Amino acid sequence: MQVLGSPTSVHADTTCSALLSELQHIWNEIGENELEKDRMLLELERECLQVYRRKVDEASSARARLHQSVSAKEAELASLMAALGELTFNTQTQIDKQKATLKEKLASVSPVVEDLKMKKEERIKQFSDVKAQIEKISGEISGYSQINGAVTNCLNKEEQDLSLRKFTEYQMHLNNLQKEKADRVNKVLECVNEVHSLCGVLGLDFGKTVGEVHPSLHETGPEHTRNISNKTLEGLDQVILNLKAERKARVQKLKGIVGSLFELWNLMDSPEEEKRHFRSITFILRSSEPEVIEPGVLSLDIIKQAAAEVERLTKLKASRMKELVMKKRSELEDICRRAHIEPDMSTASEKANALIDSGLVDPSELLASIETQITKVKDEAASRKEIMDRIDRWLAACEEENWLEDYNQDENRYSAGRGAHINLKRAEKARISVTKIPAMVENLIRKTLAWEGERKMSFLYDGVRLVSFLEDYKLTRQLREAEKKRYRDQKKLQDLLLTEKEAMYGSKPSPKKCNSFRKPNGYRANGNGSMTPRRNSVGCATPELMTPRSHSGRQNGYFRETRRLSTAPLNFVAISKEDTMSYASTSIFGSEPGSPQA
């Protein structure tokens, strides 16, 4: 039963042989017989076997325990590797499993297991942190707070899968939730800012408004977080819709009030001091709803103040309505006068006063009727503008024609007096303008007829149809030209008779000259050195129709004299009785009171 070959076994054999020899020597001294010796040697061998058996059993137990420990470590290693998702591992020194002892195997596996345990604990902590954040953000999004032990319970159920793949999935889920949270936070901030802006415009309490959606929206603090749940977002959206609807209603209401203010201000000629208080809201008439962002501009106080002002002015307007009607009627007459249009007599000042005093007509209705007439007259004046401009040019040409006639009858027009060269230049321009008068009249008639055909109404100038007046003017001008021609022919005959008389009776001193063909000085110097014509009361009897003296305020009477002018005499220069008696050809002129000068 001895193990041979090792130094320990050789030493044991030597010791046993020495002890056995010593025991044989003692037995010999004692005188033990051979049978007793054999029995004692057998007993000794049996005791040695028992010792060896005990040692073998102990070694077998130790080996079994090592096998169990190695197996347990390997199983734990496999479990850890499976949980952590590790496929392989390396020890510090690679050992061949077939040659390695149990203690070497155990020594190589134990550090790896410990490392994996530490790694697992770290991985569990990482999972716990990620899942805690996931649960927190999910609770913020859903609006429900999570129980503290929920994360731990969830980890206990799923801790067999602690692989990087699973951890990456959780991280991706966390990143998505964080992105969603950031989007929701931004949306909540946008909504809160919009609510703040709308509350400022409407003059509402911002804290109270958002506090009704969720108290966290108005709380402040470094660690404060706003609720970002779907319910909060829906509540904010609804609040914004309600505030916008309220803003729209108030804008429409305030626009109506401001429009009434402007109308009343214009009617009442309100002073700037009264208007200045409401200047901050007048911009709303030309602004769209989204452009109204001034704080407090749509507050109920502002609207009430503006409405109260409208009510005050309305009451004041009622007491001054008669004055306003007269003012508007005066404005209508002024526009008609400038446009040479006959005003509607249904709202004449006397008639309007009588109607208001009698109470038969509401002053507001009468005022509205006059305003309608003003609008109509303005539109008609705009359509008449081109023809009115042509009338002004024609009247200016007629004025120049009158001036030229006065100028031609002045015997001193070629003298070297002061301003003579200016009058010469004006006379040249006047002659050019006079030659254009017939064409101007024809064009004016054509434009007027086109205007009448387009609007199916007569073009009246101070109540007289312009075309009829122009036709009378053309006829009068033709008669005037014929009279001038007849006068020139008579003048030639006079000169011929005078020449024959001188040849028959001899040359005589001419009779004393009279002023028949000389006007008294028909010009007066004005401030700039030019001469302004002055009519002689006995001089040219040319109708005012032919030579209108102005084309501004006095042309009203000019057009109203149409009937009288059509029958007026067409004498151009009055010839004195002394000159008439000096001619032998008096019978030629008949009963003419005078003859026109060329």
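Remember, it's a predicted structure, so these values are computed and weren't measured experimentally.

Draft legend 1. View of the overall build of the protein. Secondary structure summary: the protein contains 20 helices and four strands in total. Scored against the burial criterion, the 598 residues of the protein give a buried share of 32%. Considering only intrachain contacts with a sequence separation of at least 6, the fraction spanning at least 24 residues in the protein is 73%. Just so you have it, the protein exposes about 37400 Å², and 54% of that area is on carbon and sulfur atoms.

Draft legend 2. Structural context of the nonpolar core. Membership of the largest hydrophobic core comes to 53 residues, with the highest contact counts inside it found for Val195, Leu254 and Leu298. Elements with a minimum of two residues in this core: helix 2 (34-84), helix 3 (102-142), helix 5 (164-202), helix 6 (206-211), helix 7 (230-268) and helix 9 (300-319).

Draft legend 3. Structural context of the pattern of salt bridges. By the definition in use, this model includes 32 salt bridges. Across the pair arginine 39 and glutamate 36 runs a salt bridge whose closest N-O atoms are separated by 1.9 Å. Linking arginine 39 with glutamate 36, this pair stays in helix 2, spanning three residues, or about one helical turn. When its relative accessible area of 44% is taken as the criterion, arginine 39 is described as partly exposed. Of the charged contacts in the structure, one is a salt bridge between arginine 480 and glutamate 401, with a shortest N-O distance of 3.3 Å. Here arginine 480 is found in helix 16 (residues 466-505), whereas its partner glutamate 401 is found in helix 13 (residues 385-408), with 79 residues between them in sequence. With respect to class, arginine 480 is no different from glutamate 401; both count as buried. What you see here is one network of salt bridges that share partners, running through Glu401, Glu405, Arg477 and Arg480.

Draft legend 4. Here's a closer look at the packing of helix 13 against helix 14 (residues 420-435). Between helix 13 and helix 14, whose axes approach to 9 Å, the crossing angle comes to 130°. One finds that helix 13 runs oblique with respect to helix 14. Both helix 13 and helix 14 take part in a crossing whose hand is left-handed. Facing Ala397, Glu400, Glu401, Trp403, Leu404, Tyr407 and Asn408 of helix 13, the residues of helix 14 in contact are Asn423, Leu424, Arg426, Ala427, Ala430, Arg431, Ser433 and Val434. The residue makeup of the contact of helix 13 with helix 14, split by class, is eight nonpolar, three polar and four charged.

Draft legend 5. Inspection of the confidence of the model for the protein at higher detail. Per-residue confidence for the protein gives a mean pLDDT of 75; residues scoring 70 or more make up 75%. pLDDT under 50 marks residues 510-598. Its contacts with residues more than four places away, or in other chains, come to 175 contacts.

Draft legend 6. Fine view of helix 15 (residues 437-455). Here helix 15 spans 27 Å end to end across 19 residues, near enough to the 27 Å set by a 1.5 Å rise per residue. Ile437, Val441, Leu444, Ile445, Thr448, Trp451 and Glu452 are the residues of helix 15 that are buried. Buried residues in helix 15, looked at end-on, bunch into an arc of 130°, giving them a common side. Exposed positions of helix 15 whose direction lies more than 90 degrees from the buried face are Arg446 and Glu454. On the buried face of helix 15, the contacting elements are helix 12 (363-383), helix 13, helix 14, strand 2 (464-465) and helix 16. Phi turns positive, to about 55°, at lysine 456, one or two residues after helix 15.

Draft legend 7. Structural context of the packing of helix 13 against helix 16. Contact geometry of helix 13 with helix 16 gives a least axis separation of 14 Å together with a crossing angle of 25°. On the basis of their axis angle, the class for helix 13 and helix 16 is roughly parallel. The handedness of the crossing between helix 13 and helix 16 comes out as left-handed. Taking contact as the criterion, the partners of Ile387, Ile391, Trp394, Cys398, Glu401 and Glu405 in helix 13 are, on helix 16, Leu466, Phe469, Leu470, Tyr473, Arg477 and Arg480. Residues that form the contact of helix 13 with helix 16 fall into these classes: eight nonpolar, no polar and four charged.

Draft legend 8. Representation of the packing of aromatic side chains in the model. Considering all chains together, one arrives at seven aromatic pairs under this definition. Ring geometry for phenylalanine 127 against phenylalanine 167: centres 5.4 Å apart, planes inclined by 55°, an arrangement best described as tilted. With phenylalanine 127 in helix 3 and phenylalanine 167 in helix 5, this pair connects stretches of sequence that are 40 residues apart. The exposure class of phenylalanine 127 is buried, given its relative accessible area of 2%. Site record: aromatic cluster; members linked through ring pairs are Phe127, Phe167 and Tyr170. When the ring centre of phenylalanine 459 is taken as reference, the NZ or CZ atom of arginine 384 above it lies at 4.0 Å.

Draft legend 9. Representation of the environment of methionine 440. Note on placement: methionine 440 falls in helix 15. Methionine 440 gets classed as partly exposed once you look at its relative accessible area, which sits at 22%. The spatial distance from the C-alpha of methionine 440 to the C-alpha of arginine 393 is 8.4 Å, given a sequence separation of 47 residues. Leave out the neighbours within four places in its chain, and methionine 440 touches Arg393, Trp394 and Ala397.

Draft legend 10. Broad picture of unusual backbone geometry. If you check the backbone angles, histidine 340 has positive phi at about 55° while not being a glycine. Along the chain, histidine 340 turns up in the loop between helix 10 (321-339) and helix 11 (349-358). With a phi angle near 55°, lysine 456 is a residue other than glycine that sits in the positive phi range. With respect to the helices and strands, lysine 456 occurs in the loop between helix 15 and strand 1 (460-461).

Draft legend 11. Structural context of the environment of leucine 102. Relative to the helices and strands, leucine 102 is located in helix 3. Spatially, the C-alpha atom of leucine 102 lies 9.8 Å from that of glutamine 68, the residues being 34 residues apart in sequence. Here leucine 102 is in contact with Arg63, Leu66, His67 and Val70, once residues within four sequence places are set aside.

How each quantity is defined
- Residues numbered from 1 in each chain as written.
- Predicted model: local features only at pLDDT ≥ 70, side-chain atom pairs only at ≥ 80, totals over all residues.
- Heavy atoms only, no water.
- Helix = DSSP H or I, 4+ residues; strand = E, 2+ residues; numbered from the N terminus.
- Buried < 20%, exposed > 50% of the residue type's maximum accessible area, 1.4 Å probe, protein only.
- Contact = heavy atoms within 4.5 Å.
- Areas by Shrake-Rupley, 256 points an atom, 1.4 Å probe, with all protein chains shown as cover.
- Core = buried A, V, L, I, M, F, W, Y, C linked by side-chain atoms within 4.5 Å.
- Salt bridge = Lys/Arg side-chain N within 4 Å of Asp/Glu carboxyl O.
- Axes fitted to C-alpha atoms, helices over the stretch in contact; angles between N-to-C directions.
- Parallel < 35°, antiparallel > 145°, perpendicular 65-115°, else oblique.
- Left-handed = near helix turned anticlockwise from the far one by under 90°.
- Nonpolar A, V, L, I, M, F, W, Y, C, P; charged D, E, K, R; others polar.
- pLDDT = per-residue confidence, 0-100.
- Expected span 1.5 Å × (residues − 1).
- Arc of directions from axis to C-beta.
- Phe/Tyr/Trp six-rings, centres within 6.5 Å; stacked < 30°, edge-to-face > 60°.
- Lys NZ or Arg CZ within 6 Å of the ring centre and 35° of its normal.

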